[in-house]
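Overview (structure and organization)
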Amino acid sequence: MRATLALILLASALAHADTQMDIEYARVNDHALLLDLHRPSNVRNPPLIVYVHGGAWRAGSKSDVPIAGLLDHGFAIASVDYRLSTQARFPAQIHDIKAAIRFLRAKAAAFGINTDKTAIMGSSAGGHLAALVGVTNGHRELEGAVGDHLDQSSAVSAIVSFYGASNLLSILGQSTEFGLTVRLPALKLLLGDLPEKVPALSKLASPVTHLDKEDPPLLLLHGDADPQMPPAQSAEFAKAYLGKVRLITLPGSKHGGDEFYDVEHLRIVADFLNSMKCPRAFQHSIVALGPQARST
């Protein structure tokens, strides 16, 4: 019943949006990289959320938009497809998502969106990728050269990770037996081997290893009974973060679930995004916002 209600609310939010499907934001060889842009009706120049779907890095698509309820809070949502780990190894996924942000910033006027206050958000593997994009603005190896708008910035002004990974060097030691059955093959596909066999690449792929005081505000949501993505990943990230961060732990919640995207939690996310300060310029860096803050 609850799942059915969630699907109804999701469909309703998207039905009342101004949507453009299958926008090509870049091309890698013969592979077109696409995004869907959903704009709230009757909102002029809405701030942008770039959403990154989950799927263990090897599955999923831009059609899965569980945060669609944020359209009702006045945000535009660009749901992005990226090369999956079955198509290309890391860091191709990060190169693609950063190219999508640059494309959207270059085309902001044409699309009628405000990219001065761009947030990045993702779920599960998408939460990991969103966090990594958010804390690596200007990183030479991770910016990549995908797309036609390399003069644009890929910086974001906020990060929201729903039950995502943060440290690929510690994740296996924190995993349940069931979690390992999912995580081991997924990491082998993403990295080409287990993390301990490719430590430099695993470090590069871990948001927690890139932190500095210039990082944008971070919101983490994680279930404390998650058997698939260790809750310790979000706790470790929050503890290490040098900027403004809030960790929300959902008691009894597992991996995903409608409760993460219900009215209450999407309102918390919207309030977090509305608290963002707009930097004076998005050239090559972003402005650190506020003192450190943590809560559970």
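For the structure given in this document, a descriptive report is provided here. (Residues numbered from 1 in each chain as written. Predicted model: local features only at pLDDT ≥ 70, side-chain atom pairs only at ≥ 80, totals over all residues. Heavy atoms only, no water.)

**Concerning the overall build of the protein**
Operational definition: A run of DSSP states H or I qualifies as a helix once it reaches four residues; a run of E qualifies as a strand once it reaches two. Both are numbered from the N-terminal end. Exposure categories follow from relative accessible area, calculated using a 1.4 Å probe and restricted to protein chains: below 20% of the type maximum is buried, above 50% is exposed, and the middle band is partly exposed. Here the open area of atoms and residues is found with the Shrake-Rupley method and a 1.4 Å probe, where only the protein chains shown may cover a residue.
Along the backbone of the protein there are 10 helices and 8 strands. A total of 296 residues make up the protein; the buried ones form 55% of that total. Of the roughly 12,500 Å² of accessible surface on the protein, a fraction of 52% belongs to carbon and sulfur atoms.

**Considering the pattern of salt bridges**
A side chain of one charge can pair with a side chain of the opposite charge when the charged atoms of the two come close. Selection criterion: Salt bridges are identified by distance alone: a Lys or Arg side-chain nitrogen within 4 Å of an Asp or Glu carboxyl oxygen.
According to the stated counting rule, one finds 7 salt bridges in the structure shown. The residue R83 makes a salt bridge to D96 at a minimum N-O spacing of 2.8 Å. Of this pair, R83 sits in the loop between β4 (76-80) and α2 (92-106) while D96 sits in helix α2, placing them 13 residues apart in sequence. The residues R83 and D96 share a single accessibility class, namely buried. With a closest N to O distance of 3.0 Å, E143 and K98 form a salt bridge. Of this pair, E143 sits in helix α5 (residues 140-143) while K98 is found in helix α2, placing the two residues 45 residues apart along the sequence. Here the two residues E143 and K98 agree in accessibility, since each one is buried. Salt bridges linked by common partners bring D22, D36 and K62 together as one network.

**Observations regarding the sheet that holds strand β7 (residues 218-223)**
Using the following cut-off: Only strands joined by at least two bridges in the DSSP assignment are considered to pair. A fitted line through C-alpha atoms serves as each axis, taken over the contacting stretch for helices, and the angle formed by two N-to-C directions is quoted from 0 to 180°. Any pair of residues with heavy atoms lying within 4.5 Å of one another is described as a contacting pair.
Ordered in space as β1-β2-β4-β3-β5-β6-β7-β8, the 8 strands form an open sheet in which the pairing is mixed. Here the strands that pair on one side only, and so sit at the sheet edges, are β1 (17-28) and β8 (245-250). Averaged over neighbouring strand pairs, the angle between their axes works out to 20° when direction is ignored. As defined by bridge partners, strand β3 (residues 47-52) adjoins β4 across 5 bridges and the pair is classed as parallel. Each residue of the ladder has a partner; that of V52, found in β4, is V80. Docked against the sheet, helix α4 (residues 125-134) engages β3, β5 (114-123) and β6 (158-162), running at close to 145° with respect to β5.

**A look at the packing of aromatic side chains**
Think of a pair of aromatic rings as described by two things: how far the centres are apart, and how the planes are tilted against each other in angle. The condition is simple: Between rings of Phe, Tyr and Trp, where Trp is taken as its six-membered ring, a pair exists when centres lie within 6.5 Å; planes separated by under 30 degrees are stacked, by over 60 edge-to-face, and by other angles tilted.
Counting across every chain of the model gives 6 aromatic pairs. Ring geometry for F237 versus Y241: centroids 5.6 Å apart, planes at 90°, classification edge-to-face. According to the relative accessible area criterion, Y241 is buried, its value standing at 0%. Relative to Y261, the ring of F260 has its centre 6.5 Å away and its plane inclined at 50°; by these criteria the two rings are tilted. On the basis of relative accessible area, F260 is assigned to the buried category, the value being 0%.

**Let's talk about α2**
Our working definition: The span expected for a helix works out to 1.5 Å for each residue beyond the first.
Taking 1.5 Å per residue, 15 residues should reach 21 Å; α2 reaches 21 Å between its end C-alpha atoms and fits that length. Extensive coverage of α2 is indicated by the burial of 14 of its 15 residues.

**Points about the pairing of β1**
The pairing of β1 with strand β2 (residues 31-40) spans 9 bridges and is antiparallel. The residue of β2 that forms the bridge with E24 is L34. Between the end of β1 and the start of β2, which pair antiparallel, lie 2 residues, with N29 showing a positive phi angle near 55°.

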